[in-house]
Amino acid sequence: MKSFGIYLAALFAGAALATGCYEDKGNYDYTTTGDDIVVYRLDTMKSVRLSWSYDEEIVIEPGYRIVHDRVSEGSLRYEWNIDGETVSTERILSIDPLSVGRHSGSFTVLDADRQVRYSTIFTLTVTSSFAEGWFILSDDGGKSLLSYINLVDASTPGELVRDVYGEVNEGELGSDPRRVRLVAYDGLNVAYEWEVLQGSGSVSLDQATLTKTIDIDTEFVGGQAPEGFVPVGGFQRDGGSIVLSEDGKVYQRDFSFYNDYPVAHSGKYGTTPVYFDGGMEIALMNGFDHFTNKSYGHIPYALLYDRLNNRLLSVYGFNVKGNASSKFGVFRALKVPEAASVKPGDTDPESGLVFPDVAGLGNYTVQAMGARVAYATVGVATTSTNYLLLRSKTDGKYYLLSFDYKMNSESSVNITLNSFRAFPETPGFGPESLFEVCIGGSEIIFYTAGTNNGTLYAYDILSGTSAPVYMAPSQITALRPGVVSVPSQFAAYAKTVYLDRMLLGTASGTLALLDISEAKIAEGAAPELASFSGLGKVVDMDFYVAKNPYCYFGF
């Protein structure tokens, strides 16, 4: 794990240090600092490290100087204190790795003969080795494999670390991989975790260290997931979370709260699936999740496709700080208001097609969903522009429905139909093709088609034109944009310079980092910046950058 060292990113501010004598419970006399011994401020000593990786043994050699000959070197004793606990009495500190975060420390030199002590205080920061980059989940001969690629700068990838889970946990991850997703427990100190969803039993991992936190199956009432439960998605907010099983069943839990903040892994998922009027069997979620893909700000809802009733549902989850009047997990059916300027049955003036009804899609079924933020107040994204790939039951062709959805409370809901047009007919495009809406920057939908879905296409939403931009060596099985151009209203809160990059994974276990900038796509190409291999079939990927409380820019 030391190979990550040159790519570390600090999670907290730098050291804040001070020097002075202070009283303790020992039987000592106290004197003015520096009378006989000077303990140097550690921040003035360039050779002293105060920032360490989470997996490194911490070794610090302090500085002090005897300034009076009445002090004997042999009479000196030493004390290192970290977070209120004495961790060493040696002159040189040498301790096991500490947890990621900021730790308060002090170093004291004790003159045992004269019973005088001299001290300096410092702040020690411990950083994550997994701060910015892509996590890749693949199927390596039936076994789940989690790997990692960090970014050095906007266009330079770092190394590929194969089986990063095994390197940290010294064991196998599992089998039958489905998805990797980032979640968070939005407490006073936000706790980020990766969820690896897989058929053999899903797990949560600490984001900073990738150590295993808990088996997700145990987070059900009774400590055992329902029979047939294989998670493939979910939605999490301040008040609780839902998890989607591949059989279309949804399970829900509410979090416990302490000092107005949710507690990680508190509450249990019920073993009875969520029921909504008429029943439901959820085939798709748009992934427009507070802590995972495509997030700008605190997004309080998710959209779901109910294949049982061929309709769209939403779930509301903005239960901030334990507010009991705003309960997590309120489901509802999407309906276009009667007073809307464009209603189901109206004709799209551009395409001449009749708008379907999102409350009952009739002759269309939903094949894929994507979205981007259309509007947000500071920290809360309340309106998303959604793009649904529909397939006609009558002619078998594909269509693109766009609508804006607004939900900033349980009662403040609105939906506006934007456009309905035919999706470009592309040889090789079908149910196995991928569909990825680009967030920010140019209005682009990336999709796969061609022989065995080995070609990446870019569809310009505004012009309605499509063109191939990249040819992969085998079937494309996963797409994941990194951070793209940030909308201006969020620019002040963004904390990354990584723009316009996408990682592409294939069935043969190769990865390609692509330039998806507007200029390159306009030229009809997504140039390959780097490539990697040896992973097995790539199943899913997610992108992470360090976030602040107001914007979640992880893709």
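Rules and cut-offs
Residues numbered from 1 in each chain as written. Predicted model: local features only at pLDDT ≥ 70, side-chain atom pairs only at ≥ 80, totals over all residues. Heavy atoms only, no water. Phe/Tyr/Trp six-rings, centres within 6.5 Å; stacked < 30°, edge-to-face > 60°. pLDDT = per-residue confidence, 0-100. Contact = heavy atoms within 4.5 Å. Salt bridge = Lys/Arg side-chain N within 4 Å of Asp/Glu carboxyl O. Helix = DSSP H or I, 4+ residues; strand = E, 2+ residues; numbered from the N terminus. Buried < 20%, exposed > 50% of the residue type's maximum accessible area, 1.4 Å probe, protein only. Polar contact = N/O pair within 3.5 Å; in protein donor to acceptor, adjacent residues only side chain to side chain. Pairing = 2+ DSSP bridges. Axes fitted to C-alpha atoms, helices over the stretch in contact; angles between N-to-C directions. Core = buried A, V, L, I, M, F, W, Y, C linked by side-chain atoms within 4.5 Å.

A. How the structure looks around the packing of aromatic side chains. By the definition in use, this model includes 22 aromatic pairs. Cluster of aromatic residues (ring-pair linked, three or more members): Y398, F423, F429, F435, Y447, Y457 and Y459.

B. Here's a closer look at the confidence of the model for the chain. Averaged over every residue, the pLDDT of the chain is 80; the share at 70 or more is 77%. Scored below 50 in pLDDT, residues 1–34 makes 79 contacts in the model with residues more than four places away or belonging to other chains. A low-confidence stretch, residues 490–498 (pLDDT under 50), is modelled with 27 contacts involving residues beyond four sequence positions or located in other chains.

C. Region of interest: the pattern of salt bridges. Evaluation of the coordinates by the stated rule reveals 16 salt bridges. When the shortest N-O distance is used, the salt bridge between E61 and R91 registers 3.3 Å. Taken together, the positions of E61 in the loop between β4 (58–60) and β5 (64–66) and R91 in the loop between β7 (85–88) and β8 (93–95) put the pair 30 residues apart, joining distant regions of the chain. Under the relative-accessibility criterion, R91 is labelled partly exposed at 30%. Close ionic contact of E350 with R421 constitutes a salt bridge, the shortest N to O distance being 3.3 Å. Note that E350 is positioned in the loop between β26 (330–333) and β27 (364–377) and R421 in strand β30 (residues 413–422), a separation of 71 residues in sequence. The exposure class assigned to E350 is exposed, which follows from its relative accessible area of 61%. Beyond isolated ion pairs, a larger network of salt bridges with shared partners links D176, R178 and E246.

D. Spatial organisation of the side chain of R253. When you line up the elements, R253 lands in strand β20 (residues 250–254). By relative accessible area, which is 1% here, R253 ends up buried. Separated by 3.0 Å, the side chains of R253 and E219 make a polar contact. Dropping the residues within four chain positions of it, R253 is found in contact with Y185, E219, G240, S241, H265, S266, G267, K268, Y269 and F328.

E. Structural detail: the environment of S531. Relative to the assigned elements, S531 resides in strand β38 (residues 528–532). On the accessibility criterion, S531 (46% relative accessible area) is partly exposed. Between the C-alpha atom of S531 and that of P157, which follows or precedes it by 374 residues, the distance is 9.4 Å. Apart from the residues lying within four places of it in its own chain, the contact partners of S531 are L511 and A512.

F. View of the sheet that holds strand β36 (residues 501–506). If you trace the four strands from one edge of the open sheet to the other, you get β35-β36-β37-β38, paired in antiparallel fashion. A single partner strand is all that each edge strand has here, and the edge strands are β35 (476–481) and β38. When the angles between neighbouring strand axes are averaged without regard to direction, this sheet yields 20°. In the sheet, strand β37 (residues 511–515) pairs with β38 via four bridges, with the strands oriented antiparallel. Bridged to A512 within β38 is S531.

G. Representation of the nonpolar core. Residues L312, L401 and F403 are the most contacted members of the largest nonpolar core, which totals 24 residues. Of all the secondary-structure elements, those providing two or more residues to this core are β24 (301–306), β25 (311–316), β27, β28 (380–392), β29 (398–407) and β30. Here the element with the most residues in this core is β29; it accounts for five residues. Here F403 is in contact with L303, L312, L334, S384, T385, N386, L388, I415, T416, L417 and N418, once residues within four sequence places are set aside. Counting residues in hydrophobic clusters, the runner-up holds 20 residues, among them V168, V196, V203 and Y544.

H. Examining the sheet that holds strand β19 (residues 240–245) more closely. Read from one edge to the other, the open sheet built from three strands follows the order β18-β19-β20, with strand pairing classed as antiparallel. Looking at strand neighbours, the two that pair on one side only are β18 (231–237) and β20, the edges of this open sheet. Taken pair by pair, the neighbouring strands of this sheet meet at an average axis angle of 15°, ignoring direction. As paired strands, β18 and β19 are joined by six bridges and run antiparallel to one another. Each residue of the ladder has a partner; that of P231, found in β19, is S245.

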